[in-house]
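# Observations on the three-dimensional arrangement
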Amino acid sequence: MTLVPNSRQGRFYLLTVDLLKGIAIFPMIFSHSIGWWDKDLSLHYEEGSLVIASIWFYALTIFPCFLYLYGFNQVNSFLRQSEDVFNRHEIRLHAVKRSIIFFAFATLALALMSIIQAPEKFLNYIFTWHLLHLFAFSTLYLLLIWEISRWFERKNRVSLNHQQIISILLLISLISIIALFIFFHDYTVMIQESNSREFPVSLEILSILKNISFDVSSCGLIPWLSFPLAGGFTASFLNLNRDSQNHVMQKSKLLLLANFLLLIIGFLYLENERFISAGLGYASSFSHVFISIGLNGCIFILLVLILDIHQIIPHKTSYNLLYPIIIVSKISLTVYYVHPVVGVIDPSLIPSESVLLVFVSLYSLFFVLLAHFWQKWDFKFSFEWIVRNYS
């Protein structure tokens, strides 16, 4: 099958990845702006207007989407590059450097947060878990799975190829994280409801480990590691780099069915619980985890089939039609990092919900224009540029 190299990218390229990253940016900006304008409205978004409820419902799947795509890209890169034996050292070095960069940016973000909010608790903030820490950890975890799969392959322990071993290890990891999430869910909710949620953490090892492990502050490993694992499993199972189009189609049907079942399970849980997560300061609900995995998986696979495999609309035409979304995807993590600066404005200056939505629409357009002009300098000094050039 021919997933090009795309003429604009000069490499193996999936239009779907950039499209979803670009789409995800806007509900993220809108939801955070609603929280800045009226925190209570965000905490009880279901009681707001249909527009507010819709924005927040989709926004709560956004960070899972970023993590899903990150896991997909990471594993897809491992599979593609490891075909060349000389690349294996570079794969390890690249992953470790990337993890260090994510860790450094997470530390910087928390340091700035401490300076603004509570300078006396600087160390507490530094040891608090952050979303970017999850990117760093998932990079190393996926690298570990890749290393284990290489070991199995070298030792001829199993009669499977490298890609099949990675798929099995990723699936086992994904099921394990979901199982741990189910097992510890009541405990996590109890922590959150008892007001013992610590942000920032206290400088005690148990507090720090609890903050890292559970969804009691900001995207704990249980359940948030499930999202990059789901993306990574999709990459390894589909094996777009090597499999024929017919084979990919067959496997896509299985993945669609599995994700659709997860989506149904998630919607069934909505009868008994709210759709909430750490994005609102709550422990993630069952509905949030299952809907996020199922929805992102279904959308991703369908778009890959439509835009990248069958190319119902040619890549070049799709790129031009979707340019405003795709161009801002090139700085998606940079936008995530810097967009909260709008918080310096007094929210009382926004008199109504309609004015807020217009204001945020213009703010979102600003990032599209920024990306358009910044590309002339290859997005120099952006988060993505730093990751690309120093890892």
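First, a word on scope: everything that follows refers to the structure included in this document. (Residues numbered from 1 in each chain as written. Predicted model: local features only at pLDDT ≥ 70, side-chain atom pairs only at ≥ 80, totals over all residues. Heavy atoms only, no water.)

### Quick word on the overall build of the protein chain
Counting secondary structure elements, the protein chain contains 18 helices and 0 strands. For 391 residues, the compact-globule estimate of 2.2 N^0.38 gives 21 Å, and the protein chain sits close to it at 21 Å. Along the three orthogonal principal directions, the C-alpha set of the protein chain runs to about 60 × 50 × 45 Å. Within the protein chain, the proportion of its 391 residues that are buried is 52%. Pairs at least 24 residues apart make up 75% of the contacts formed inside the protein chain by residues separated by at least 6 positions. In the structure as shown, the protein chain presents an accessible area of about 18,200 Å², 66% of it carried by carbon and sulfur atoms. In the protein chain, which carries 25 positive and 24 negative side-chain charges, the distance between the mean positions of the two groups comes to 14 Å. (Helix = DSSP H or I, 4+ residues; strand = E, 2+ residues; numbered from the N terminus. Rg over C-alpha atoms; globule rule 2.2 N^0.38 Å. Buried < 20%, exposed > 50% of the residue type's maximum accessible area, 1.4 Å probe, protein only. Contact = heavy atoms within 4.5 Å. Areas by Shrake-Rupley, 256 points an atom, 1.4 Å probe, with all protein chains shown as cover. Lys, Arg positive; Asp, Glu negative; His and termini not counted. Charge placed at Lys NZ, Arg CZ, Asp CG, Glu CD.)

### Overview of a nonpolar patch on the surface
There is a patch of nonpolar side chains on the surface, built from Leu108, Leu112, Ile115, Ile116, Phe122, Leu123, Phe127 and Leu203 and spanning about 800 Å² of accessible area. Residue assignment for the nonpolar patch shows that the elements contributing at least two residues are helix H5 (88-117) and helix H6 (122-126). At 4 residues, H5 tops the list of elements feeding residues into the nonpolar patch. Relative to the helices and strands, isoleucine 116 is located in helix H5. (Patch = residues over 30% accessible without salt bridge, like charges linked within 9 Å, V, L, I, M, F, W, Y side chains within 5 Å. Salt bridge = Lys/Arg side-chain N within 4 Å of Asp/Glu carboxyl O.)

### A look at the layout of surface pockets
The gaps left among the atoms become clear once a water-sized probe is rolled over them. Volume-wise, the largest pocket comes out at about 1,600 Å³. Around the largest pocket, the lining comprises 39 residues; the ones closest to its centre are His32, Met113, Gln117, Tyr336 and Pro340. Mapped onto the lining of the largest pocket, the elements with two or more residues apiece are helix H1 (15-37), helix H2 (39-43), H5 and helix H16 (332-338). Along the lines of polarity and charge, the residues of the lining of the largest pocket split into 24 nonpolar, 13 polar and 2 charged. (1 Å grid on protein atoms, 1.4 Å probe; cavity = no way out; pocket = protein on both sides within 12 Å on 5 of 7 lines; lining within 4 Å. Points joined across faces, edges and corners; volume = space filled by probe spheres on them. Nonpolar A, V, L, I, M, F, W, Y, C, P; charged D, E, K, R; others polar.)

### Description of the pattern of salt bridges
In this structure the tally under the stated criterion is 5 salt bridges. Here lysine 21 ties to aspartate 18 by a salt bridge, and the two come within 3.9 Å at their closest N and O atoms. Taken together, the residues span about one helical turn, with lysine 21 and aspartate 18 both in helix H1 at a distance of 3 residues. On the basis of relative accessible area, aspartate 18 is assigned to the buried category, the value being 5%. The shortest N-O distance in the salt bridge between arginine 274 and glutamate 46 comes to 2.7 Å. Residue arginine 274 is found in the loop between helix H12 (245-269) and helix H13 (286-309), and its partner glutamate 46 is found in the loop between H2 and helix H3 (50-59); the two are separated by 228 residues along the sequence.

### Points about the side chain of histidine 339
Tracing the backbone through its elements, the reader meets histidine 339 in the loop between H16 and helix H17 (353-374). Beyond its immediate sequence surroundings of up to four residues, histidine 339 is in contact with Met28, Ile29, His32, Tyr363 and Phe367.

### Quick notes on the packing of H1 against helix H4 (residues 62-81)
It is the contact of H1 with H4, at a shortest axis distance of 9 Å, that shows an interaxial angle of 155°. Here H1 lies roughly antiparallel to H4, going by the angle between them. Regarding H1 and H4, the two cross each other, and that crossing is left-handed. Where H1 approaches H4, its residues Val17, Leu20, Lys21, Ala24, Ile25, Pro27, Met28 and His32 are matched on the opposing element by Ile62, Phe63, Cys65, Phe66, Leu69, Phe72 and Asn73. The class makeup of the residues in the contact of H1 with H4 is 12 nonpolar, 2 polar and 1 charged. (Axes fitted to C-alpha atoms, helices over the stretch in contact; angles between N-to-C directions. Parallel < 35°, antiparallel > 145°, perpendicular 65-115°, else oblique. Left-handed = near helix turned anticlockwise from the far one by under 90°.)

### Notes on the packing of aromatic side chains
As enumerated under the stated definition, the model contains 32 aromatic pairs in all. Plain terms: the ring middles of phenylalanine 57 and phenylalanine 275 are 4.1 Å apart, the flat faces sit at 20° to each other, and that makes the pair stacked. Placement of phenylalanine 57 in helix H3 and of phenylalanine 275 in the loop between H12 and H13 is noted, with a sequence separation of 218 residues between them. Look at phenylalanine 366 and phenylalanine 367: their rings are 5.2 Å apart centre to centre, the planes differ by 65°, and that puts the pair in the edge-to-face class. (Phe/Tyr/Trp six-rings, centres within 6.5 Å; stacked < 30°, edge-to-face > 60°.)

### Brief notes about the nonpolar core
Core analysis: the biggest nonpolar cluster contains 117 residues, and Met28, Phe135 and Phe300 have the highest contact counts within it. Broken down by element, the residue count for this core peaks at 13 residues, all from H13. When neighbours within four sequence positions are excluded, phenylalanine 135 is seen to be in contact with Phe66, Leu67, Tyr70, Phe102 and Leu333. (Core = buried A, V, L, I, M, F, W, Y, C linked by side-chain atoms within 4.5 Å.)

### Here's the deal with the packing of helix H11 (residues 226-238) against H13
Between H11 and H13, the shortest axis-to-axis distance is 11 Å and the interhelical angle comes to 30°. When the axis of H11 is compared with that of H13, the two are roughly parallel. Crossing geometry of H11 relative to H13 is assigned as right-handed. Within the contact between the two elements, H11 uses Ser226, Phe227, Ala230 and Thr234 and H13 uses His288, Val289, Ser292, Ile293, Phe300 and Ile301. In terms of residue class, the contact of H11 with H13 is built from 6 nonpolar, 4 polar and no charged.

Nothing here speaks to function; it is geometry throughout.
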